[in-house]
Amino acid sequence: MNNKYTSNSIRESIESKLNRYFAVSLDSATKNQVYRAVVLSVKDIMTQKRSVKPQKRHSDKKIYYLCMEFLIGRSLKNNLFNLGLIKEYSDALSESNYSLDDIFSCEPDAGLGNGGLGRLAACFMDSMTTMDYRAYGFSICYEYGLFRQRIVDGCQIELPDEWMNEGEIWLIPRTDKTCTVRLGGNIKESWENGKLDIIYENCEEINAVPYDMMISGYDTDNVGILRLWKARSAANFNMSLFSQGEYLKAVKDSTSAEIISKVLYPSDNHTEGKLLRLTQQYFLVSASLQSIINDYLREHGTLSGIEDRIAIHINDTHPAMCIPELMRILLDQYSYSWENAWRVVTKCVSYTNHTVLPEALECWNSDLFKFRLPRIYMILEELNKRLCSDLWNIYPGDWDRISRMSIISNSEIRMANLSVYGANKVNGVSALHSEILKKTVFRDYAKTLPYKFLNVTNGIAHRRWLCQANPALTELLDDCIGPEYKKEPSHLENFKKFSDNAEVHSKLEKIKRANKNHLSEHLSRSGISGIDPESVFDVQVKRMHEYKRQLLNVLKIISYCNDIEDNPNTDFTPQTFIFGGKAAPGYYMAKEIIRLICALSDYTAKSPVLKDRLRVIYLENYDVSTAEILIPASDISEQISLAGKEASGTGCMKFMINGAITVGTLDGANVEMREKVGRENIYIFGLRSPEVDELWKNGYSSIDYYRNSPRLRGATDRLNAGFNGIAFDNIARYLTSGNNGIADPYMCFVDFDSYVKTAEEMVKDYGDRSGWLKKSVINIASAGYFSSDRSISEYAEKIWGIPTAKKV
């Protein structure tokens, strides 16, 4: 794709960087110096591309994508692949005996995200750039990420994720675009010559300093920008205090400001944490909107027509304050009337909802909000007043409905309601999730403003999760169907005609085995040895949360342990169960489930009866780079959330495109996956979403299931006995009596027997290699629909008002 860059010219560029910045040659440089020089040379190439306006734009409309996190993983390999320069860089380095893979390993995963929300945002940036949209991402430059997970004696320990040491080289400081964010203080209104002046008194001023990260599109000159904000104090350094020896007081303002961009999702089980999260969210939206407005004025000279030339998308409710903040900017700084400002806001802003869990539908205490953001609170009060007035005209006397739909009620500010009210479109992220939103969480809004609601099913960056993560499978696909699917993922469908091809089955088998060997070697280097590549690799990797039901999986595994120990001669296909994911620092039950998995891992590794037939692995500090090794090696993908709780999920799509077979509930994207692959190529178990609702209405009693299922009872009782002298009676009580709450709130007991039966059927089918490999081919071939290219095409047409050139 880039024949203007040869291995010789690239080597010269790397040599130049090493000489200029490190005063060494390529032959004498350290690996980390070479890594930095390679990154600098890649940045030069992308900068050159940015100076060339692409000739195949769909539209000049700009898309601004706001999200609290972007889980981008490593950037070097991704950018080189998209630039088409993997071979050239490999050849350039090999002359000095450097392996490109070794250079890739120098880069840490960027600490800018945690889970599916951030990974989706990263995939969308990849697709928007590849598809030649003028796309810009906005987030915060977290110095220490979420945290680095360590497992010590089976317990999760949180350490700072010091990714910036080697990761900061990707960042381009744009101090010329620094802006100021105001917090707290008092607000005074002054009218003069018919113009409202807003005066801030005793407020705290924070400088938002942008750092840009370039993202290359695949086979295009287009380069996207992810703008990350660092917080710095706007106050001058207090030299007087410093000279008097008051060193801590001298840096107090600076330290206080910098806390804003230290950590992603700080614990909010105390007032200080809630205040910091609120501050982070406002800091992100205020800085981003000021940047958007300033750039627009530089390009057009006036704000006229801005609502037709930009689209601002808020990914979940974290950036919801962009609605009142954009109102503030237009009202206070550019003297818009309320009506004109609201017209601009509602034409520009759109909103994606990612959850139906009540705790994730953010609400803020009114007093806390007013204290930290007094001017924004004033605007929200006016928005709420106008909203309630309009609703009264539609539903006169229906105070309950109006209260449910209001932005401010019962001393709470409801960010989800704000997002729906202010956005021109509201989408869920799977067909089932979008319907649940309209029937439950947003049922009143869906009745009142039905034109706002639609679905856009999530997707993944298939070039990363297939082409980069699984090059051997990519080569097989290229040989069978050609390379067009890399830009047009719907072409993967052509692979279905090979579903009964014995030669393709044989090659697919060898690819999977090689990937499993690679994973086993990787785990061995991490201190996890004795993994049998011939065993079934059964994988559940995702954020640790009760609704994800890692606990259901553990109960199944415990029941297998009971079976083998009760009858050592029983016929049991060797299986390796792999878990990974982080628990929020203050999430007690999630941390206890990690402790249980680790205890079970230790127990199975030491048991003479179990260790060669059943192993349990917990992957410490699971991240994108680990996923790129794990997912291509997986046989079974566990997607077992309680039906109606998972919005979509994207991990399921990554496993699918790499040929793993899914076992799961009819939840989230599993519904559409079943439609694409056919019922015989996915293993569905458990209650459907309406059945879950019905059971709750009728009264769910977990103890009845415990009494009626001997296998479930045996697994639960084993929790009381524990493993290696560690009892988990607290988890047993949580499931049977509730620990002073609802027993088994995510219905592990209800679905247990169905789950175990389906899992056993699945492992039996795994033994029919021809039949299993046919399922694998069909899953790979059906995964094109779940590309983020298709998702972005739908966002562009249905939400952002940008027609696409062709369907993907």
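Residues numbered from 1 in each chain as written. Predicted model: local features only at pLDDT ≥ 70, side-chain atom pairs only at ≥ 80, totals over all residues. Heavy atoms only, no water.

A cluster of nonpolar residues, Val152, Ile157 and Leu159, forms a patch on the protein surface that exposes about 210 Å² of accessible area. Positionally, leucine 159 belongs in strand β4 (residues 155-159). Taking relative accessible area as the criterion, leucine 159 reaches 36% and is therefore assigned partly exposed. (Patch = residues over 30% accessible without salt bridge, like charges linked within 9 Å, V, L, I, M, F, W, Y side chains within 5 Å. Areas by Shrake-Rupley, 256 points an atom, 1.4 Å probe, with all protein chains shown as cover. Salt bridge = Lys/Arg side-chain N within 4 Å of Asp/Glu carboxyl O. Helix = DSSP H or I, 4+ residues; strand = E, 2+ residues; numbered from the N terminus. Buried < 20%, exposed > 50% of the residue type's maximum accessible area, 1.4 Å probe, protein only.)

Another aspect to go through is helix α24 (residues 550-566). Because an α-helix packs 3.6 residues into every turn, residues spaced three or four apart end up facing the same way. The end-to-end C-alpha separation of α24 is 24 Å, in line with the 24 Å expected for 17 residues at 1.5 Å each. In terms of burial, α24 is largely enclosed, as 14 of its 17 residues are buried. (Expected span 1.5 Å × (residues − 1).)

Here the structure, examined in full by the defined rule, presents 21 aromatic pairs. For the pair tyrosine 65 and phenylalanine 124, a centre-to-centre distance of 6.0 Å together with 75° between the ring planes defines the contact as edge-to-face. Of this pair, tyrosine 65 sits in strand β1 (residues 62-66) while phenylalanine 124 is found in helix α6 (residues 116-130), placing the two residues 59 residues apart along the sequence. By relative accessible area, which is 0% here, phenylalanine 124 ends up buried. Their ring planes at 20° and their centres at 5.5 Å tell us that phenylalanine 81 and tyrosine 218 sit as a pair that is stacked. Linking phenylalanine 81 in helix α3 (residues 76-83) with tyrosine 218 in the loop between β9 (204-216) and β10 (223-233), this pair joins segments that are 137 residues apart in sequence. (Phe/Tyr/Trp six-rings, centres within 6.5 Å; stacked < 30°, edge-to-face > 60°.)

For the coordinates displayed, the defined rule picks out six cavities of 30 Å³ or more. Contributing to the lining of the largest cavity are 14 residues, with Ile72, Asn78, Ala122, Ile215 and Arg464 lying nearest its centre. Residue assignment for the lining of the largest cavity shows that the elements contributing at least two residues are α3, α6 and β9. In terms of residue count, α6 provides more of the lining of the largest cavity than any other element does, four residues in total. By residue class, the composition of the lining of the largest cavity is seven nonpolar, three polar and four charged. (1 Å grid on protein atoms, 1.4 Å probe; cavity = no way out; pocket = protein on both sides within 12 Å on 5 of 7 lines; lining within 4 Å. Points joined across faces, edges and corners; volume = space filled by probe spheres on them. Nonpolar A, V, L, I, M, F, W, Y, C, P; charged D, E, K, R; others polar.)

Right, let's talk about the packing of helix α2 (residues 31-50) against α3 for a bit. Viewed as axis vectors pointing N to C, α2 and α3 meet at an angle of 45°, and their least axial separation amounts to 11 Å. Taken together, the axis directions place α2 and α3 in an arrangement best described as oblique. Crossing geometry of α2 relative to α3 is assigned as left-handed. Of α3, the residues touching α2 (which contributes Tyr35, Val38, Val39, Val42, Ile45, Met46 and Lys49) are Leu76, Asn79, Leu80 and Leu83. Tallied by class, residues from the contact of α2 with α3 come to nine nonpolar, one polar and one charged. (Axes fitted to C-alpha atoms, helices over the stretch in contact; angles between N-to-C directions. Parallel < 35°, antiparallel > 145°, perpendicular 65-115°, else oblique. Left-handed = near helix turned anticlockwise from the far one by under 90°. Contact = heavy atoms within 4.5 Å.)

So, about the nonpolar core. Counting residues in each nonpolar core, the largest one holds 152 residues, and the members touching the most others are Leu76, Tyr89, Met128, Ile312, Phe369 and Trp800. Aside from chain neighbours lying at most four places away, what touches isoleucine 312 is Tyr64, Leu66, Leu289, Ile292, Cys322, Leu326, Cys348, Val349 and Ser350. With 67 residues, the next largest nonpolar core counts Phe579, Leu600, Ile636 and Phe685 among its residues. (Core = buried A, V, L, I, M, F, W, Y, C linked by side-chain atoms within 4.5 Å.)

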